[in-house]
Amino acid sequence: MPELPEVEVTRRSFAERIAGARVTAVRLGKPLRWPLGVDPQELVAQRVGPVTRRGKYLWLALERGGLLLHLGMSGSLAFGARLGTPGPHDHFDLVTQRGTLRLTDPRRFGAVVWSPAPHEGAASKLLGGLGVEPFDDAFTGAHLHAALRGRRVSIKEALLGGRIVVGAGNIYACEALFEAGIDPRTPGGRVSRARCDLLAAALRRTLLRALQTGGSTLRDFRDTHGAAGEFQREARVYGRAGQPCVRCGATIRRVVQGQRATFYCPGCQKR
Ligand code: ZN
């Protein structure tokens, strides 16, 4: 599943090239998770503005409104002048003077949704419940600690929920908790302020590293240049059950929390 770093890597791969281009045609494939919400012809002749990211959503500004894009479970975006004839998994083409932006999504949980503005209409509903951005100044240990107060849900699941902070996908949540030395099963409300400081810093560092390595190599993900990221190879606990901890040598364990696999080191990570 494309996570925040992959979405950001994707954004950077085409945002500057598409900005300023005029839309010349729109092609829809099979239905995606949500309907487009506008007559595709309405988009034609509009100029593309900046492409920004909020959580795992991209907002592609147009002269009148914009498109909110989500890659779902298996989506990827490509932008190029010669993408060729759309295949059976290509479900949205935004054709511009400079090239075509194409959403390829075999499982079709992705979406392209029109809205008059990011804070209006369908976009505001989808973006409304999102937590703070991990690279924002607002994301601090104090924020984390305040948001976790009284919560009995495990710290791992609280992070994964996306309402406190966005971007802590499964692999990144596991890695950040390892970095911070926190047992993923600890009730959220029991994590001290000092450890929240460590965790906020660890999550930011983990996501930054993933960004720098081009996103994680999850099976379905290919960035816009067709190259898989390298992050997962660097993971210290994720996917390493039964192997020795790189720090203390204890055996990495796997548990299931909220139907998601969690990997942790029983030696390094404490409640
Ligand atoms: Zn360890």
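This structure is a prediction, so every number in the text was calculated from the model and none was measured.

Asks: Just to check I follow, could you spell out the domain arrangement of the protein chain for this structure?
Replies: By a widespread convention, an interface's size corresponds to the accessible area lost as its parts come together. As far as domains go, the protein chain holds domain 1 (4-127) and domain 2 (141-264). Between domain 1 and domain 2, the C-alpha centre-to-centre distance is 29 Å.

Asks: Hey, could you run me through the state of the cysteines in this one?
Replies: Disulfides are covalent bonds that connect the sulfur atoms of two cysteines. Counted by the stated rule, this structure contains zero disulfides. In this structure C174 is a free cysteine whose sulfur lies 13 Å from that of C265, the closest cysteine sulfur available. Classification of C174 by relative accessible area gives buried; the value is 1%.

Asks: I would appreciate a short explanation of the coordination of the zinc ion in the present structure.
Replies: When four donors bind a metal tetrahedrally, each ideal donor-metal-donor angle is 109.5 degrees, and when six bind octahedrally, the ideal angles are 90 or 180 degrees. Looking at the zinc ion, the protein donor atoms are C245 (SG), C248 (SG), C265 (SG) and C268 (SG), and they sit 2.2 to 2.4 Å from it. Around the zinc ion sit four donor atoms, and with donor-metal-donor angles ranging over 98 to 117° the site reads as tetrahedral. For the zinc ion, the donor residues sit on a single chain with the sequence spacing C-x2-C-x16-C-x2-C. On the criterion of sequence distance, the pair formed by C245 in the loop between α7 (231-234) and β9 (253-257) and C268 in the segment after β10 (260-264) is long-range, its members being 23 residues apart. As far as burial versus exposure is concerned, C245 and C268 are alike and both buried.

Asks: How should I be thinking about the environment of R107 in this particular structure?
Replies: In this structure, R107 sits in the loop between β7 (99-104) and β8 (111-115). Taking the C-alpha atoms as reference, R107 lies 41 Å from R193; in sequence the two are 86 residues apart. Apart from the residues lying within four places of it in its own chain, the contact partners of R107 are M73 and S74.

Asks: I keep staring at helix α6 (residues 193-212) and nothing clicks. Help me out?
Replies: Since one α-helical turn is 3.6 residues long, residues separated by three or four positions face the same way. Spanning 20 residues, α6 covers 29 Å between terminal C-alpha atoms, matching the ideal 28 Å at 1.5 Å per step. Among the residues making up α6, those that are buried are R195, C196, L199, A200, A202, L203, T206, L207, A210 and L211. Against α1 (4-18), α3 (141-148), α4 (155-160), α5 (170-180) and α7 lie the buried residues of α6. Following α6 by one or two positions, G214 adopts a phi angle in the positive range, close to 85°.

Asks: Hey, could you run me through the sheet that holds strand β6 (residues 90-96) in this one?
Replies: Strand pairing in a sheet relies on backbone hydrogen bonds, with the paired strands running either antiparallel or parallel. Taken together, the four strands give an open sheet; going across it, the order is β1-β6-β7-β5, and neighbouring strands pair in antiparallel fashion. With partners counted over all chains shown, the strands left at the sheet margins are β1 (23-28) and β5 (76-80), one partner each. Taken over all neighbouring pairs, the strand axes of this sheet differ in orientation by 15° on average, direction set aside. Where β6 lies against β7, six bridges are found, and the strand directions are antiparallel. Paired with V95 across the bridge in β7 is T100. Here α1 sits on the sheet and contacts β5, β6 and β7; the angle it forms with β5, its principal contact strand, is near 30°.

Asks: How should the packing of aromatic side chains be read in this particular structure?
Replies: Each aromatic ring pair is characterised by the separation of its centres together with the angle its planes make. With the rule as written, the count across this model stands at two aromatic pairs. Residues Y238 and F263 carry aromatic rings whose centres are separated by 5.2 Å and whose planes lie at 65° to one another, so their mutual orientation is edge-to-face. Taken together, the positions of Y238 in the loop between α7 and β9 and F263 in strand β10 put the pair 25 residues apart, joining distant regions of the chain. For F263, a relative accessible area of 9% gives the class buried.

What counts and what doesn't
Residues numbered from 1 in each chain as written. Predicted model: local features only at pLDDT ≥ 70, side-chain atom pairs only at ≥ 80, totals over all residues. Heavy atoms only, no water. Domains from an automatic or database assignment. Disulfide = S-S within 2.5 Å. Buried < 20%, exposed > 50% of the residue type's maximum accessible area, 1.4 Å probe, protein only. Donors = N, O, S within 2.8 Å, 3.2 Å for Na, K, Ca; no water. Tetrahedral: all angles 85-135°; square planar, octahedral: opposite > 155°, others 65-115°. Helix = DSSP H or I, 4+ residues; strand = E, 2+ residues; numbered from the N terminus. Contact = heavy atoms within 4.5 Å. Expected span 1.5 Å × (residues − 1). Pairing = 2+ DSSP bridges. Axes fitted to C-alpha atoms, helices over the stretch in contact; angles between N-to-C directions. Phe/Tyr/Trp six-rings, centres within 6.5 Å; stacked < 30°, edge-to-face > 60°.

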